[in-house]
Amino acid sequence: MSTRRERADSSVHGGGSSWVAWLSWLGVAIFAVYVAFMLAAPWLVNRGTLSLLYLVLYFVLLAASWNLMSGFTGYINFAHVAFIGVGMYASAIAIADLGAPWFLAVALGGCVAAAYAAVLSVPLLRIKGPYFTITTLAVAEGTRVIMSSAFMEPLTRAGSGIPLFVQIGFETKYFAMLALVVAVVVVTYVLANSRIGLRLLSIREDERAAENLGVNTTRLKIGAFVLSAFFAGLGGGLHAMYLSYIDPFNAFHIKYTVIPIIMTFFGGIGTVLGPVLGGTVLELFNDYIWAHVLRLNLATFGVVLVALILFMPQGLLEWLKDRGFLPKTRRI
Amino acid sequence: MMQAPVFEARAVTKSFASLRAVDDCSFAVEKGAIVGLIGPNGAGKTTLFDIASGATRLDSGQIVFRGEDISALKPHQRALKGLGRTFQLTRVFPKMTLMENMFVASPGDHRLHERAREYLELVNLVDRRHEYASDLSYGQQKLLELARILMLDPELILLDEPAAGVNPTLLKSLLAFIHELRDTWGKTFLIIEHNMNLVMGHCDKVVVMSAGSVIAEGSGEEIQANEEVLEAYFGKSTHPLGRAGHGA
Amino acid sequence: MDHPLQLLANGLVVGAIYSLVAVGLSLVFGVMRVINIAHGDFAMLGAYVAFFAWDWLGLSPLVSLLPAMAILFLFGAGLQRLVIERVVGRPLLASLMLTFGLSLIIWNSSQVAFTTKLRGISYLTEPVTFLGVTMSQSYIVGFVLALILTGALFAFLKFTAPGKAIRATSQNQDVALACGIDVRRARTLAFGIGAALAAAAGTLISMTGFIYPYMGFEYLAKTFTIVVLGGLGSVAGALVAAFAYGLLESFGTAMLSPRIAPALPFVLLIAIMIFRPSGLFGTSVADR
């Protein structure tokens, strides 16, 4: 069947010499090894290192979920932390006040974040370019202010925060986080290799041209935004249990928007494995600088970001693709 | 023979602040025709294209496509109804391969890869189908844009200055391609173009706009003899064909 | 609720200070199409220059105003020439992320250097009462100085050759280039002036309120609202919007429950973006 040959052919660069076709599966193989290592890690490393790996997975999840919307459509969303934080709160309230089991609380975190994104998306996604980014920044700050206001106190306990006690062990949280990472990467992979994914990318490339080619850009953007928020909310909902105490300042801290963005930029925005690569490398790096330059860790991220924008704005993976070290495929 | 119009602008009016960019503009494009839309800079031609394709909303009047008023439809809805357009400056998706560029434009999955290859073959770009569109020359990007439109299977194609910035060899194949699409596939074209040789030599009908309105309509010869057109372009002294000889 | 005249006076004073931050941000956007996320941090740095001049050297903020502005002018111009100039003309995202990176560096370093303690300068704190409006002298001095500086900026832009070069670059860079204007110099100058005005605002804030390293970000959020309200790139729009915003904040805080009033700027910004995506007095800006 010719379609089958074409499919393999169509996603590789340079017209299908067979080793290039095989190379396009490299990303899948690397990710499989990555997951296998993470699965085995509880038996391989000590508890301290495992905590670090948990944080690596958490940031990979945040970066990859941010990438689902902003990486594909080019709409740079600075409100990601709003969805993470709302997911945290939904999950914490479900556990602390309603006594929900942990997995239901996590699912609720995802759903509430997705619903919040759906409501916001209608006005937000009419706004374009720099205005979109500025407005999402305002959304994130506004969400923090509202959640910490006395107005919301009956639900959120305002500034005093919510302590929560979850009876599940650390390793359960670790494996749950790993499962979420696998889920978001698989979703990204499927999307990147689908027609819908191409249409999302076409919005990033040239939204007006896409519209004139019959792409319903509004519907796609809303879908990507909600999906991105869903995974952010799941991640926040699960992470709330790791923290066992949440308050508005930490739940909505701007760094949970900024750091995943920098990680995605580092690995390659709009790629499948860019957020995994960036999240892993930079979180390990962060741990290192945390141990050495301690309180300057955000400034260090700032330096990384400035250097990236000046010298490698397309990120590591696209840089390698441009130089022919990796095939121009959406599989990686 | 008289064909039913596939496209009609009916008393279209659009103002930006105090400027009337398009003013009570009416004309029709018959099925299977290649119609040239000409006029001095600022006559409102591109604004009219924007209105036709849905990028700009009109203040009053109607855009009728295949007998249906589409004035209220969104750009993507118009595209799916079979109205395709290109832009004055090409708008390919630079960091997507040629094939991916083609795929975006197809509404369905039916014979997706075959059709994409077939159309790229028509514009001689099939060998480069796995390269990023940003690797193509400007003229080749124009060809890609045209091939990409075909994935929509449009009835009418609006071309905004297809010849601008294209070298003579590529322009020849572009024109041949347009004729082939019309003659064997029955496509209809409405073309904004400043190259008068191209307009006079290839268009069945020419519509002349000036200051937002249609001031003349007819065959190439009729337009060349029309006093009002001369005036709109150059005052009284010269004729647009004074520019002839530089183009195709 | 306070007396309306009191609210009016409060609103005008904060509006004047906001205008110093906002006109600079808008000026910079107009000249180089860069949204400078680090702009609020310039105000923060200016505030700390004034604070340490007062704390260590015993200089009054009115004296340290000029050195603070000069230092931040050089800092801003240097930053522009060395780093930001390199993303001019690149997609907006590049400059947005770049200045975000700079903001992280400035903000986090300041946290470490200055600690997160709230500080302020007690200077001219005696209240003055006039027409039933009570206000400390520092507010009045701050208001007058802010007006003088904004006025000086407008005069500079209108009457001097470098000011005209900045305006020409803002309106149409290609034409400015064709007229022999050194647009690169105009950009550096505009960026330095923006930073200096922000520093002036910071100095005034240091004597009318509290300063802390995170304040840059909070002022940035308000300034965004103002600049969007006034139309990105329009200096006059930013000025009008700053006063409108100051008044709105003053009256809004008094009339709304204080439990929800802090959300006002964000709600306002989102509302503007929904109904007028290119700003209230907006000159619209191309998508990319």
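Note that the structure is predicted; figures quoted are calculated from it, not measured.

**Student:** Any chance you could break down the overall build of chain C for me, citing the residues and the numbers?
**Tutor:** Tallying secondary structure elements over chain C gives 11 helices and 2 strands in all. The linear arrangement of helices and strands in chain C, starting from the amino end, is α-α-α-α-β-β-α-α-α-α-α-α-α. A globule of 288 residues ought to have a C-alpha radius of gyration of about 19 Å, and chain C, at 18 Å, matches this closely. The principal-axis extent of the C-alpha atoms belonging to chain C is close to 55 × 45 × 35 Å. Scored against the burial criterion, the 288 residues of chain C give a buried share of 55%. Partitioning the intrachain contacts of chain C with sequence separation of at least 6 by distance along the chain shows that 78% fall at a separation of at least 24. Accessible surface computed for chain C: about 11500 Å², of which carbon and sulfur atoms make up 69%. The positive charge centre, built from 16 side chains, and the negative charge centre, built from 10, are 9 Å apart in chain C.

**Student:** So what's going on with the sheet that holds strand β6 (residues 83-85) of chain B? Residues and values would help.
**Tutor:** Residue and element names in this part refer to chain B. Spatially, 6 strands are ordered β6-β7-β8-β3-β9-β10 in an open sheet, and the strand pairing comes out mixed. Of all the strands in the sheet, the pair left with one neighbour each is β6 and β10 (213-218). Adjacent strand axes in the sheet meet at a mean angle of 20° when their direction is disregarded. Looking at chain direction, strand β3 (residues 34-38) and strand β9 (residues 205-210) are connected through 4 bridges and run parallel. Bridge pairing in β9 links I38 to V208.

**Student:** I'd like a description of the UniProt feature "transmembrane region" (unreviewed entry) in chain C, backed by residues and values.
**Tutor:** All names here are of chain C. Cross-referencing UniProt, the feature "transmembrane region" (unreviewed entry) maps to residues 12-35, 65-84, 91-110, 130-157, 189-212, 224-248 and 260-278 in the present numbering. Across residues 130-157, helical content stands at 75% and strand content at 18%; the span's end C-alpha atoms are separated by 35 Å. Secondary structure across residues 224-248 comprises 84% helix and 0% strand; the distance between its end C-alpha atoms is 15 Å.

**Student:** Outline the sheet that holds strand β1 (residues 5-16) of chain B, supporting the account with residue identities and numerical values.
**Tutor:** Backbone hydrogen bonds are what pair the strands of a sheet, in a parallel or an antiparallel way. All names here are of chain B. A sheet is described by the order of its strands in space; here 4 strands give the open sequence β2-β1-β4-β5, paired in antiparallel fashion. Each edge of the open sheet is held by one strand with a lone partner, namely β2 (19-30) and β5 (68-69). As paired strands, β1 and β2 are joined by 8 bridges and run antiparallel to one another. Considered in β2, the bridge of K14 is made with V22.

**Student:** I'd love a proper account of the packing of helix α3 (residues 26-44) of chain A against helix α9 (residues 170-192) of chain A, names of residues and values included.
**Tutor:** Residues and elements named next belong to chain A. Orientation of α3 relative to α9, taken along the N-to-C sense of each, is 175°, at an axis distance of 10 Å. Here α3 is positioned roughly antiparallel relative to α9, judged by the angle of their axes. On the side of α3, the interface is formed by V28, F31, V35, M38, L39, A41, P42 and W43, while α9 contributes E171, Y174, F175, L178, V182, V185 and Y189. Split by residue class, the contact of α3 with α9 holds 14 nonpolar, no polar and 1 charged.

**Student:** Which residues make up the confidence of the model for chain C, and what are the values?
**Tutor:** All names here are of chain C. Model confidence for chain C is summarised by a mean pLDDT of 86, while 94% of its residues fall at 70 or above. When mean pLDDT is compared element by element in chain C, helix α3 (residues 61-82) scores highest at 94, while helix α11 (residues 264-275) scores lowest at 77. Scored as a whole, the predicted complex attains pTM 0.86, and scored at its interfaces, ipTM 0.86.

**Student:** How would you explain the interface of chain C and chain A if you had to name every residue and give the values?
**Tutor:** Each partner contributes residues to the interface: chain C has 41 residues there, and chain A has 46 residues. For the pair chain C and chain A, the interface holds 0 salt bridges. Remark: the boundary between chain C and chain A carries 3 residue pairs in polar contact (both at pLDDT 80 or more). Elements supplying a minimum of two residues to the side of chain C that touches chain A: α4 (92-114), α9 (215-230) and α11 of chain C. In terms of residues, the side of chain C that touches chain A owes the most to one element, α4 of chain C, which gives 16 residues.

Criteria and cut-off values
Residues numbered from 1 in each chain as written. Chains lettered and ligands numbered in written order. Predicted model: local features only at pLDDT ≥ 70, side-chain atom pairs only at ≥ 80, totals over all residues. Heavy atoms only, no water. Helix = DSSP H or I, 4+ residues; strand = E, 2+ residues; numbered from the N terminus. Rg over C-alpha atoms; globule rule 2.2 N^0.38 Å. Buried < 20%, exposed > 50% of the residue type's maximum accessible area, 1.4 Å probe, protein only. Contact = heavy atoms within 4.5 Å. Areas by Shrake-Rupley, 256 points an atom, 1.4 Å probe, with all protein chains shown as cover. Lys, Arg positive; Asp, Glu negative; His and termini not counted. Charge placed at Lys NZ, Arg CZ, Asp CG, Glu CD. Pairing = 2+ DSSP bridges. Axes fitted to C-alpha atoms, helices over the stretch in contact; angles between N-to-C directions. UniProt positions renumbered as here; feature names shortened; annotations may be inferred. Parallel < 35°, antiparallel > 145°, perpendicular 65-115°, else oblique. Nonpolar A, V, L, I, M, F, W, Y, C, P; charged D, E, K, R; others polar. pLDDT = per-residue confidence, 0-100. Salt bridge = Lys/Arg side-chain N within 4 Å of Asp/Glu carboxyl O. Polar contact = N/O pair within 3.5 Å; in protein donor to acceptor, adjacent residues only side chain to side chain.

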